[in-house]
Amino acid sequence: MRLLTGLVAGIAALAAGGAARGQPAPAYPTQTVQIVVPYTAGGSTDVLARALAEALRRHFDKPFVVVDKPGASGMIGADFVAKARPDGHTLLMGYTGEIVVAPQLYANASYRPSDFAPIALAGETPLILIARKDLPAATLADFVALARGAPGRFNFGLAGTGSPAHFANALLSRLAGITIVQVPYKGSGQAVADIIAGQVDLFFSGLAPVVPQLQAGTLKAYAVTGESRAPAAPAVPTMAELGYAGFDLSGWFGLFAPAGTPAPVIERLKRATLDALDGAALRAAMALQGVAVRPLADQALADFIAAETAKYRRLIAELGISAE
């Protein structure tokens, strides 16, 4: 319960706004704002962060830059922001894994969800199961048949312990009755590059780095994990269509500040982010990357994070996911 208590309390305090009333709004920003991405460049989180940074730069007429700090399943970048000066000049483009999963998997995690002040949810993307172009399996059913006949022969890329892809790997392995070796990566961009190079067999990726490669024919896709087909890849069936239920494992992205950031600064960032997400230019850019806009803030965001936390707590127990 400590996981939810800190987040809900932090959002409730911001929503109440009592401390902010009667106070002059601080000048903001007064210097370059860095949005930390806790993964390597080229992945879904990085792509979205750069699009949002440009929109915020135009809104505030101040520099907003993206800084990639990958490692430890997103926890290095998240920890950096958690310990940053709480003045709104260091933000986190948080992803599902480091926000609601890692604190449940790692008892000794160096930060807790209460170390962040949620600003707004930006968007979400289903995972897409991709494979190297020369893998001798045209469909997921073909691959499962191959893998059942050769346990341990094939491998999955894994961009972060506790990521939605980690859960997707485990869920597919259990439901299909296959044994696949997992190859760790610091970010999805590197994993997709190795799929293209034929160095890894399969990978559950966000859509952002995959759509251009699908169009170029440098890899193939078996399925997406969302409830419906992705507009950016309409020919790719859902896992449910292929007979695999329970794959509602979309990755989501939100903007967070260090806890203790002044409420007026959080409010300005929230309004600017929601305004940006309502703009046609940002929506079009995100759609091209396969990211669906999902603007949430305040209590709606608190409820969403609570539901996601409960979902992954259940999956951790059911799938036996651990940080080992």
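Keep in mind that what you see is a predicted model, and the values were worked out from it rather than measured.

A. How the structure looks around the sheet that holds strand S11 (residues 292-296). With mixed pairing, six strands are arranged side by side in an open sheet as S2-S1-S3-S10-S4-S11. Unpaired on one side and paired on the other, strand S2 (64-68) and S11 mark the two borders of the sheet. Neighbour-to-neighbour, the strand axes of the sheet open up by a mean angle of 25°, direction not taken into account. In the sheet, strand S1 (residues 33-37) pairs with strand S3 (residues 90-95) via three bridges, with the strands oriented parallel. Each residue of the ladder has a partner; that of Gln34, found in S3, is Thr90.

B. Here's a closer look at the packing of helix H2 (residues 44-60) against helix H9 (residues 263-277). The interhelical angle for the contact between H2 and H9, taken along N-to-C directions, is 115°, at an axis separation of 10 Å. By the angle class used here, H2 and H9 are roughly perpendicular. In the crossing of H2 with H9, the sense of the turn from one axis to the other is right-handed. Every residue of H9 that contacts H2 at Leu52, Ala55, Leu56, His59 and Phe60 is listed here: Arg268, Leu269, Ala272, Thr273, Asp275 and Ala276. Of the residues in the contact of H2 with H9, the class split is seven nonpolar, two polar and two charged.

C. Structural context of helix H5 (residues 140-149). For H5, the full list of buried residues reads Leu140, Phe143, Val144 and Ala147. Down the axis of H5, the buried side of the element spans an arc of 100°, and every buried residue falls inside it. Along H5, exposed side chains directed more than 90 degrees from the buried face belong to Ala141, Ala145 and Gly149. As for H5, its buried residues are in contact with strand S5 (127-132), helix H6 (164-176), strand S8 (202-206) and strand S9 (219-224).

D. Fine view of the nonpolar core. Ranked by size, the top nonpolar core spans 87 residues in total, and within it Phe143 and Leu172 carry the most contacts. In contact with Phe143, other than residues within four places in its own chain, are Leu135, Ala137, Phe154, Ile178, Ile180, Leu202 and Tyr222.

E. Representation of the pairing of strand S6 (residues 155-158). Burial along S6 is two-sided: Asn155 and Gly157 and Phe156 and Leu158, pointing in opposite directions, are all buried. With four bridges connecting them, S6 and strand S7 (residues 181-184) associate as parallel partners. Counted as the bridge partner of Asn155 is Val181 from S7.

F. Structural context of the pattern of salt bridges. By the definition in use, this model includes 15 salt bridges. For the salt bridge of Asp68 with Arg50, the shortest nitrogen-to-oxygen distance reads 3.1 Å. Here Asp68 is found in strand S2, whereas its partner Arg50 is found in helix H2, with 18 residues between them in sequence. In this structure Arg50 comes out as partly exposed when scored by relative accessible area, which is 40%. Arg132 is the partner of Asp201 in a salt bridge, and the nearest nitrogen-oxygen pair spans 2.6 Å. Taken together, the residues span a long stretch of sequence, with Asp201 in the loop between helix H7 (188-196) and S8 and Arg132 in strand S5 at a distance of 69 residues. A cluster of three or more residues bridged by salt bridges with shared partners is formed by Glu267, Lys270, Arg271 and Asp298.

G. Highlighting the environment of Pro231. Within the secondary structure, Pro231 sits in the loop between S9 and strand S10 (251-258). A residue is classified by how much of its surface remains accessible, and Pro231, at 80% relative accessible area, is exposed. Sequence separation of Pro231 and Ala287 is 56 residues, and the distance between their C-alpha atoms is 8.1 Å.

H. Representation of the sheet that holds S9 in the model. The strand order S7-S6-S8-S5-S9 describes an open sheet built from five strands, whose pairing is mixed. The open sheet terminates on both sides in strands that have one partner only, identified here as S7 and S9. Recorded for the sheet is a direction-independent mean angle of 30° between the axes of neighbouring strands. Strand contacts of H6: S5, S6, S7 and S8, with the helix running at about 160° to S6, the strand carrying the most contacts.

I. Region of interest: unusual backbone geometry. Residues Tyr28 and Pro29 are joined by a peptide bond in cis, for which omega reads -10°. The topology assignment puts Pro29 in the loop between helix H1 (2-16) and S1. With a phi angle near 55°, Asp61 is a residue other than glycine that sits in the positive phi range. Structurally, the position occupied by Asp61 is in the loop between H2 and S2. Phi is positive for Ser73, close to 55°, though the residue is something other than glycine. With respect to the secondary-structure elements, Ser73 resides in the loop between S2 and helix H3 (75-82).

Thresholds applied
- Position labels on residues start from 1 in each chain and follow its written sequence.
- Restriction of local features to residues with pLDDT of at least 70 applies here, the model being predicted, together with a cutoff of 80 or more for giving and counting side-chain atom pairs; totals for whole chains, interfaces and linings are based on all residues.
- Processing note: side-chain calculations cover all non-hydrogen atoms of the structure and skip hydrogens and water entirely.
- Two strands are counted as paired when DSSP detects at least two bridges linking them.
- Secondary structure counts use DSSP, requiring at least four H or I residues in a row for a helix and at least two E residues in a row for a strand, with both numbered from the N terminus.
- Note on geometry: axes are C-alpha line fits, over the in-contact stretch for helices, and angles between N-to-C directions span 0 to 180 degrees.
- Working rule for angles: under 35 degrees goes down as roughly parallel, over 145 as roughly antiparallel, 65 to 115 as roughly perpendicular, anything else as oblique.
- In this scheme the crossing of two helices becomes right-handed for a clockwise turn of the near helix relative to the far one and left-handed for an anticlockwise turn of less than a right angle.
- Residues are treated as being in contact if the distance between any of their heavy atoms lies within 4.5 Å.
- Polar here means any residue outside two lists: the nonpolar Ala, Val, Leu, Ile, Met, Phe, Trp, Tyr, Cys and Pro, and the charged Asp, Glu, Lys and Arg; Gly therefore counts as polar.
- Partly exposed residues are those whose accessible area sits between 20% and 50% of the maximum for their type, while under 20% is buried and over 50% is exposed, using a 1.4 Å probe and protein chains only.
- The directions from the helix axis to the C-beta atoms are what the arc is built from.
- Residues belong to a common nonpolar core when they are buried Ala, Val, Leu, Ile, Met, Phe, Trp, Tyr or Cys residues joined through side-chain atoms within 4.5 Å.
- One speaks of a salt bridge when a side-chain nitrogen belonging to Lys or Arg is within 4 Å of a carboxyl oxygen belonging to Asp or Glu.

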